[in-house]
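Topology and contacts: notes
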Amino acid sequence: MEASSASSSSSSVTFYDFLDRMRNPASLDLVRSIKSFIVSFSFYAANPDNDAKKVQEFFTTMEDTIRDHPIWAGATDEEVDSAMEGLEKYVMTKLFYRTFASSPGDIKLDLEISEKIQLLQTFLKPEHLDIPSVLRNDASWLLAEKELQKISAFKAPREKLLCIINCCKVINNLLLNAAMSENHVLAGADDFLPVLIYVTIKANPPQLHSNLKFIQLYRRQAKLVSEAAFYFTNLVSAKTFIVDLNAKSLSIDEIEFEESMQAARETNKLIPEEFFTTQEVMTTSQGQIDPGASARVHHKETNGGSNYPYMEAEAGDLTVRDVERLLSLYKDVVTKYTTLCKAVKSFPPTKTESSLPHLEGSSILSTKPEENTENTRE
């Protein structure tokens with residue numbers, strides 16, 4: 001999908017231009033302000049609404065500061081906007097583990113939605129959502145599903161939102177093509193939303209609720225408008241529909257619906273527990289969802305075992321899904337180690353500041369997810 005590749009490439013250029021300017025010695029005052037803001041979050045407990053308010057106010061203040069700053073002298077509105085996009089990505093990547101899925105309620109709802117979708121996937125068909133046959137295109141639907149499933153590969157609100165926009169654009173193009181080639185009279189949201197709901201159920205994107213909440217709270221408000229707002233609002237509506245979904249929501253007999261849901265539950269019971277380890281409710285020290293530990297390792301941890309359960313694990317104890325947790329633990333260790341190294345190096349104080357004190361550790365913003373989204377599709 002060329003649009004997806006172009007959006008990702010543009011995001012990379014914007015971000016690295018921002019980093020390059022921040023490495024300019026003249027930007028030291030900006031760097032200190034950014035670092036000070038990020039560090040300030042460690043002084044109080046996580047609160048999504050309060051955190052979001054602080055972040056949005058900081059973005060507003062920094063936009064005015066950047067416009068008046070010498071290294072952006074004469075910059076166009078587009079260049080200032082690009083700088084703000086880079087700032088948003090940097091700040092929210094640094095604060096991701098603090099701000100994403102930071103409340104037990106969010107974690108619980110993510111799991112409930114995912115589990116319900118797993119049940120619906122076993123029997124739900126397009127006709128149950130009254131999707132016209134002319135709009136049933138497996139290739140387009142699969143493409144939209146893949147775009148939506150990428151949402152958890154990113155930590156920046158803008159890039160998560162782009163996954164939603166790309167998904168919705170695939171659906172929108174499908175509707176337009178049907179209108180032109182099949183003489184189908186478009187019914188607006190009455191056509192669009194059912195297809196989006198079906199695609200969302202087929203995709204079952206990880207942590208759907210938390211991803212939507214993260215975008216709503218931390219995407220710059222000036223950017224959550226127009227087309228982006230329309231597509232975002234539709235996915236929120238799709239999520240709400242799924243949460244409230246019952247037999248009356250669908251074109252299906254109530255008895256058939258209940259029997260299908262029960263059959264799906266019974267089928268899930270027959271699948272080994274380790275297959276569903278993503279549904280275990282655990283959090284790491286940073287407060288993010290940690291869906292990776294296998295049943296046996298989790299049993300050791302929750303029954304008085306080590307705080308480092310993998311130290312006691314055997315190879316046979318691990319599952320493929322433990323990779324996410326191990327990666328999270330690895331990042332946590334590296335972060336603590338680099339922080340400790342910086343603290344040690346600060347004693348005794350040097351006579352002059354480092355020539356590159358700007359945005360240390362910026363390499364934490366891996367470009368791998370972006371590279372993944374740049375793959376063209378056949």
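Conventions used here
Residues numbered from 1 in each chain as written. Predicted model: local features only at pLDDT ≥ 70, side-chain atom pairs only at ≥ 80, totals over all residues. Heavy atoms only, no water. Helix = DSSP H or I, 4+ residues; strand = E, 2+ residues; numbered from the N terminus. Buried < 20%, exposed > 50% of the residue type's maximum accessible area, 1.4 Å probe, protein only. Contact = heavy atoms within 4.5 Å. pLDDT = per-residue confidence, 0-100. Phe/Tyr/Trp six-rings, centres within 6.5 Å; stacked < 30°, edge-to-face > 60°. Core = buried A, V, L, I, M, F, W, Y, C linked by side-chain atoms within 4.5 Å.

Topic: the environment of Leu235
Assignment of secondary structure puts Leu235 in helix H11 (residues 226-244). Taking the relative accessible area as the measure of exposure, Leu235 reaches 1% and is therefore buried. For the pair formed by Leu235 and Ile165, sequence separation is 70 residues and the distance between their alpha carbons is 9.7 Å. If near-sequence neighbours (up to four positions away) are discounted, Leu235 is found in contact with Leu148, Ile164, Leu196, Thr200, Leu208 and Leu212.

Re the confidence of the model for the protein chain
Of all residues in the protein chain, 69% have pLDDT values of 70 or greater, and the mean over the chain is 79. Here helix H15 (residues 368-373) stands out as the element of the protein chain with the lowest mean pLDDT, 41, in contrast to helix H10 (residues 208-218), whose mean of 97 is the highest. Here residues 273-307 is a poorly scored stretch, pLDDT under 50, and it has 88 contacts once near neighbours within four places are set aside; other chains count. Below a pLDDT of 50 lies the segment residues 349-358, which in the model reaches 13 contacts outside its immediate sequence neighbourhood of four places, other chains included.

Concerning the packing of aromatic side chains
Under the counting rule described, the total for this entry stands at 14 aromatic pairs. Ring centres of Phe96 and Phe100 lie 4.8 Å apart, and the angle between their planes is 15 degrees; on these two criteria the pair is classed as stacked. Ring centres 6.0 Å apart and planes at 25 degrees place the aromatic pair Phe192 and Tyr231 in the stacked group. Of the two residues, Phe192 sits in helix H9 (residues 189-203) while Tyr231 sits in helix H11, which places them 39 residues apart along the sequence. Phe192 gets classed as buried once you look at its relative accessible area, which sits at 3%. Tyr231 sits in the buried class, given a relative accessible area of 5%. The rings of Phe37, Phe41, Tyr44, Phe58 and Phe59 are connected pair by pair, giving a single aromatic cluster.

Things to note about the nonpolar core
Here is a general trend for soluble globular proteins: nonpolar side chains tend to be buried in one another's company. If you look at the biggest cluster of nonpolar residues, it comprises 51 residues, and the most contacted ones within it are Leu120, Ile164, Ile171, Leu196, Leu235 and Phe257. Per element, the largest residue contribution to this core is twelve residues, and it comes from helix H8 (residues 157-181). Core analysis: the next-biggest nonpolar cluster, separate from the first, contains 35 residues, Ile38, Val55, Ala83 and Leu95 among them.

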